[in-house]
Amino acid sequence: SCGACTDPPNNPASDGQRCRNDNISMKRGVRLLVGESSVEGAGLGLFTQHSLMKGDFVDEYVGDIISQEEAERRGVVYDRQNMSYLFNLCSDFSVDATVKGNSTRYANHSDDPNIEPRLVRVNGDSRIGFFAIKNIGPEEELFFDYGYSTEIDNEKLFKPNHAHKFHWMGSKSNKKNS
């Protein structure tokens, strides 16, 4: 610990708290739920139990820290299984939440996201934290922009048919790809 964190774990940060990256190190994520996604064909989704305010820390994206080379190898396998929980941490490393991940791995893509990932330095290490980018009501599904190129056209890439305002990578089409 840097010594600046004075609040106990699993409690909100007090006004006197000196550092702002301690939500990750103190594991102060909000209560999250996993359930059937509103995105057709996506399977499970991530939901918040309680309402969130813009800027609130949601939780950390956790998993195995692996090299980009290992991420490429695992990615080939995951593509065959039509699932992947790989998240690029930097140019050299990725986080693989497939085995050792938490519920944040179930956040689905939207071009109208309500949370965003941020790279946060905690005790010298890079970590991925999710933060609300707008006010979010209780039991709402959480979405972030995966940042994939809209130019990708691969029949092996799962492109869910998003309900209502949620569209895959900027596409307004309701076409379901397999």
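A. Broad picture of the overall build of the protein. Looking only at helices and strands, the protein features 2 helices and 10 strands. When its helices and strands are written in sequence order, the protein yields α-β-β-β-β-α-β-β-β-β-β-β. Here the protein holds 178 residues, and 38% of them are scored as buried. Long-range contacts, defined here as pairs at least 24 residues apart, represent 59% of the contacts in the protein between residues at least 6 apart. When the accessible surface of the protein is totalled, it reaches about 10300 Å², and 48% of it is carbon and sulfur.

B. The packing of aromatic side chains, seen in detail. Applying the stated criterion to the full structure yields 8 aromatic pairs. Pairing Phe 87 with Phe 130 gives two aromatic rings, centres 6.3 Å apart and planes at 80°, and the pair type is edge-to-face. Of this pair, Phe 87 sits in strand β5 (residues 86–88) while Phe 130 sits in strand β9 (residues 125–132), placing them 43 residues apart in sequence. A single burial state applies to Phe 87 and to Phe 130, both of which are buried. With a centroid separation of 5.9 Å and an interplanar angle of 25°, the aromatic rings of Phe 87 and Phe 144 are classed as stacked. A residue pair is termed long-range when its members are at least 10 positions apart, and Phe 87 in strand β5 and Phe 144 in strand β10 (residues 141–144) qualify at 57 residues. Considered together, Phe 87 and Phe 144 belong to a single accessibility category, that of buried residues. Through a chain of ring-to-ring contacts, three or more aromatic side chains come together here, namely Tyr 61, Phe 87, Phe 130, Phe 144 and Tyr 146.

C. Looking closely at the side chain of Ser 94. Its location among the elements puts Ser 94 in strand β6 (residues 93–96). In this structure the side chain of Ser 94 is engaged in a polar contact, spanning 3.2 Å, whose partner is the side chain of Gln 68. Setting aside residues up to four positions removed in sequence, Ser 94 forms contacts with Asp 64, Ile 65, Ile 66, Gln 68, Ala 71, Phe 87, Asn 88 and Leu 89.

D. Molecular detail of the sheet that holds strand β1 (residues 32–36). With mixed pairing, the 4 strands of this open sheet are ordered in space as β1-β2-β10-β7. Two strands bound the open sheet, and with one partner strand each, they are β1 and β7 (108–109). As paired elements, strand β2 (residues 44–48) and β10 share 2 bridges and run antiparallel to each other. Note on β10: the bridge partner recorded for Phe 47 is Glu 141.

E. Representation of helix α2 (residues 68–80). In this model α2 runs 19 Å from its N-terminal to its C-terminal C-alpha over 13 residues, within 8% of the 18 Å that 1.5 Å per residue would give. Burial in α2 covers these residues: Gln 68, Ala 71, Gly 75 and Tyr 78. Packed against the buried residues of α2 are β4 (64–67), β5 and β6. Looking one or two residues beyond α2, the residue adopting positive phi is Asn 82, at roughly 60°.

What counts, and at which threshold
Here the residue numbering is sequential within each chain, running from 1 through the sequence in written order. Where local features are concerned, this predicted model is filtered to residues with pLDDT of at least 70; where side-chain atom pairs are given and counted, the filter is 80 or more; whole-chain, interface and lining totals use all residues. With hydrogens and water set aside, each side-chain value is computed from the structure's full complement of heavy atoms. Here a helix means four or more residues in a row that DSSP labels H or I, a strand means two or more in a row labelled E, and each is numbered from the N terminus. Buried, partly exposed and exposed residues are distinguished by accessible area as a fraction of the type maximum, computed with a 1.4 Å probe on protein chains only: under 20%, between the cut-offs, and over 50%, respectively. Whether two residues are in contact is decided by their heavy atoms: any pair within 4.5 Å suffices. Computed by Shrake-Rupley with a 1.4 Å probe, the accessible areas treat only the displayed protein chains as cover when residues are assessed. Any pair of Phe, Tyr and Trp rings, taking the six-membered ring for Trp, is counted once the centres come within 6.5 Å. Such a pair is stacked with planes under 30 degrees apart, edge-to-face with planes over 60 apart, and tilted for the rest. Nitrogen and oxygen atoms within 3.5 Å of one another constitute a polar contact, given that in protein one can donate a hydrogen and the other can accept it, and given that sequence-neighbouring residues count only through two side-chain atoms. One requirement defines pairing of two strands: DSSP has to find at least two bridges between them. Helices are assigned an expected span. That span is 1.5 Å times one less than the residue count.

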